[in-house]
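What follows is the residue order along each chain.
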Amino acid sequence: MKVFNQLKGLVVPLDRANVDTDAIIPKQFLKSIKRIGFGGNLFDEWRYLDHGEPGQDCAQRPLRPDFSLNQPRYQGASILLTRENFGCGSSREHAVWALDEYGIRCVIAPSFADIFFTNSFKSGLLPVVLDTQVVDRLFCESEATPGYRLIVDLPTQTVTTPDGISFPFAIDEFRKQCLINGWDDIGLTLRHADEIRAYEIRRREEAPWLLA
Amino acid sequence: MAGKTLYDKLWDAHVVRTDANGTVLLYIDRHLVHEVTSPQAFGGLQLAGRQPWRRDSMVAMPDHNTPTTPGFTSIDDPVSRLQVETLDDNAHRYDLRYFPIGDPRRGIVHVVGPEQGATLPGMTVVCGDSHTSTHGAFAALAFGIGTSEVEHVMATQCLIQKKSKAMEVRVEGEVGEGVSAKDIVLAIIGQIGAAGGTGYAIEFTGEAIRALSMEGRMTVCNMAIEAGARSGMIAVDEATIEYVRNRAFAPVGDLWPRAVAAWRELHSDSDALFDRVITLDATIIKPQVTWGTSPEMVAAVDQRIPDPALESDPIKRSGMERALQYMGLQPNMPIVDIQLDRVFIGSCTNGRIEDLRAAAAVIQGRTVAPSLKQALVVPGSGLVKRQAETEGLDRIFKKAGFEWREPGCSMCLAMNADQLLPSEHCAATSNRNFEGRQGPGGRTHLVSPAMAAAAAIAGHFVDVRTF
């Protein structure tokens, strides 16, 4: 797993609630059998004026100038600032792969959909939940300040503005340690293989129809 | 101490170990696999030199990419074809239970799982697909996962989880004639919102839920995810047990009565406490139609499209304005004035035999409106299709001007050739009205099968109760 420790990154705002994973990476790109190749098609229908299909050279496609990710001031952004229920809908982890490949390492929102939230940790993408009022403030500041950067520090669980004001965020301790240490969670689980086998033996006695 | 919720019981029975901080290793009984979210997981398994922990837990089939044209023999799109062939290869390599193209049992994984009895009460069921919540209709703990977790389940038979909160959604009273499971769940989403269930496992209870068939219960649980809840569930009763009896994977012999006795415990205790309780009155639920680009943007068929100007929350207001612009609709327009280009009946939400019967009952003796470009019926599985043909439903649909297709996910997510063109309006029995979901620029309105059928005849929405 990719390590996440501290990130000082340019912020790109996406001022919409309920951004679904169909919007993050449209279905025609899910036909790939690889984990890579999705970054060019991140937010495809919002980002480009033409219709996207797999295999295109995205550098040649016409961009929608009003879409925030396309604006010169947000080029190189690694922190996506957005609204509530980000990542709702389909379970496609391709959404996380697309964000990661584009260069987004952290998404800040008042809330996330559960499956997206879980998926994001698997690629070292940190989802940070902040209060709506704080998110509002970050939207105002980032739009008013060209080159607006935040420091996201996982060990201290803080987001710090250019003015030096820090906002704490909560994160599950296990997930935090996995990100900081880059642990492979399949490897971690397999350390408990004996307990899994013991569970199976017990369940085969209690409810054998469940393991058929 | 308070009693246990159904969710508590399912959770507790599957805990392999609990860490100090409350992180649990949760055992997974059934793993459903399809072609879109599995190739990278199989690839990861191979790269690490691992084998599936328990291959008999896995049931695999292609559904998302598969053509639905009658008599198709191959997939034209080479990228889709490679993805399906990759699943063929992986199923063969690992000797999985597999329903390939050509198998009469193949269909949408969430229709086929219960149909085969691969979904049983008391199970944990996962799939790399958010609509895995469907299987909660059987008092199973069922939820969608991403591809990394698919690989995790393949390799370890477990997931690393934290327990969700528990929500009860109680639907009291009886629904009126012409109001279906789909209308109930759309009304629930309209009330609690698309993120209302985030962080919760929802148990659906109450007289209106108990009165539903297993097909109807699957429709309700299927859309728990559209309310933000990864899992929805319903307690076991006689309907559950009768549905499972004699299914291909169901327990037989001495195991059957033992299993049934265990299943009868799968309900929330009378003194169980939920973190949140929502109550709806079924008697006032009307047929529902979505007008926007989130399932929470829903109204009763006899209402008008809401006016964003009356919304006080600025984020919601801008969301409504953007949705109406995308949908090409005006505030205060009557829902029944929405003109349609296509109608889609099918999907893991409403592609079961009861759904096709409900639609056919409305269509019988009538003809699809000439203004419609296409009206499509896509059965949820090969067995649903065969049953419908036995009952003569296919003839009713075809005579009315519907196309009768092979099973698959089809126009619900438009990964195959079944798609909307930009700006086309579609009455769909599926689950998501997101921008571009049914094709780039396409405009989806979610409805019940009976409402979709009536809309196909009229060419615009109509109240099926008076149609």
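Residues numbered from 1 in each chain as written. Chains lettered and ligands numbered in written order. Predicted model: local features only at pLDDT ≥ 70, side-chain atom pairs only at ≥ 80, totals over all residues. Heavy atoms only, no water.

A. Structural view of the overall build of chain A. Counting secondary structure elements, chain A contains eight helices and seven strands. Each principal axis of the C-alpha atoms in chain A carries an extent, and together these give about 65 × 45 × 25 Å. Evaluated residue by residue, chain A yields a buried proportion of 59% over its 212 residues. Counting contacts in chain A only where the partners sit at least 6 residues apart, residues at least 24 apart contribute 64% of the total. Charge-centre separation for chain A: the mean point of 24 positive side chains lies 3 Å from the mean point of 29 negative side chains. (Helix = DSSP H or I, 4+ residues; strand = E, 2+ residues; numbered from the N terminus. Buried < 20%, exposed > 50% of the residue type's maximum accessible area, 1.4 Å probe, protein only. Contact = heavy atoms within 4.5 Å. Lys, Arg positive; Asp, Glu negative; His and termini not counted. Charge placed at Lys NZ, Arg CZ, Asp CG, Glu CD.)

B. Fine view of the packing of aromatic side chains. Summed over the entire model, instances satisfying the criterion amount to 16 aromatic pairs over all chains. Here Phe112 of chain A and Phe116 of chain A contribute two aromatic rings whose centre-to-centre distance is 6.3 Å and whose plane-to-plane angle is 5 degrees, an arrangement assigned as stacked. The pair formed by Phe112 of chain A and Phe116 of chain A is uniform in burial state, with each residue classed as buried. Plain terms: the ring middles of Tyr199 of chain A and Tyr27 of chain B are 4.8 Å apart, the flat faces sit at 35 degrees to each other, and that makes the pair tilted. Taken as a pair, Tyr199 of chain A in helix H8 (residues 193–206) and Tyr27 of chain B in strand E2 (residues 24–27) lie in two separate chains rather than in one. (Phe/Tyr/Trp six-rings, centres within 6.5 Å; stacked < 30°, edge-to-face > 60°.)

C. Quick peek at empty space enclosed by the protein. Using the criterion set out here, one finds six cavities of 30 Å³ or more in the structure. Approximately 210 Å³ is the volume attributed to the largest cavity. Lining of the largest cavity is provided by 23 residues; of these, His64, Asp129, His131, Leu413 and Arg437 of chain B occupy positions nearest its centre. Split by residue class, the lining of the largest cavity holds eight nonpolar, ten polar and five charged. Within this model, the second largest cavity holds a volume of roughly 80 Å³. In terms of lining residues, the second largest cavity is bounded by Asp114 of chain A together with Tyr7, Trp11, Leu141, Phe143, Gln161, Lys162, Ser164, Tyr200, Ala201, Arg230 and Ser231 of chain B. (1 Å grid on protein atoms, 1.4 Å probe; cavity = no way out; pocket = protein on both sides within 12 Å on 5 of 7 lines; lining within 4 Å. Points joined across faces, edges and corners; volume = space filled by probe spheres on them. Nonpolar A, V, L, I, M, F, W, Y, C, P; charged D, E, K, R; others polar.)

D. Local environment of the packing of helix H6 (residues 181–192) of chain B against helix H8 (residues 214–222) of chain B. Residue and element names in this part refer to chain B. At a minimum axis separation of 8 Å, H6 and H8 run at an interaxial angle of 25 degrees. The orientation of H6 relative to H8 falls into the category roughly parallel. Here H6 and H8 pass one another in a crossing that is right-handed. Taking contact as the criterion, the partners of Ala181, Lys182 and Val185 in H6 are, on H8, Gly216, Thr219 and Val220. Tallied by class, residues from the contact of H6 with H8 come to three nonpolar, two polar and one charged. (Axes fitted to C-alpha atoms, helices over the stretch in contact; angles between N-to-C directions. Parallel < 35°, antiparallel > 145°, perpendicular 65-115°, else oblique. Left-handed = near helix turned anticlockwise from the far one by under 90°.)

E. Quick look at the interface of chain A and chain B. Opposite the 58 residues of chain A that make contact, chain B presents 78 residues. When chain A packs against chain B, the two sides together hide about 5500 Å² of surface, and 57% of this comes from carbon and sulfur. Close ionic contact of Lys31 of chain A with Asp77 of chain B constitutes a salt bridge, the shortest N to O distance being 2.7 Å. Here chain A and chain B share 31 residue pairs in polar contact (both at pLDDT 80 or more) between them. Broken down by secondary-structure element, the contributors of at least two residues to the side of chain A that touches chain B are helix H2 (44–47), helix H3 (94–102), helix H4 (114–122), helix H6 (173–181), helix H7 (185–190) and H8 of chain A. Residue classes in the side of chain A that touches chain B are distributed as 19 nonpolar, 13 polar and 26 charged. (Buried area = accessible area lost by both parts, 1.4 Å probe. Salt bridge = Lys/Arg side-chain N within 4 Å of Asp/Glu carboxyl O. Polar contact = N/O pair within 3.5 Å; in protein donor to acceptor, adjacent residues only side chain to side chain.)

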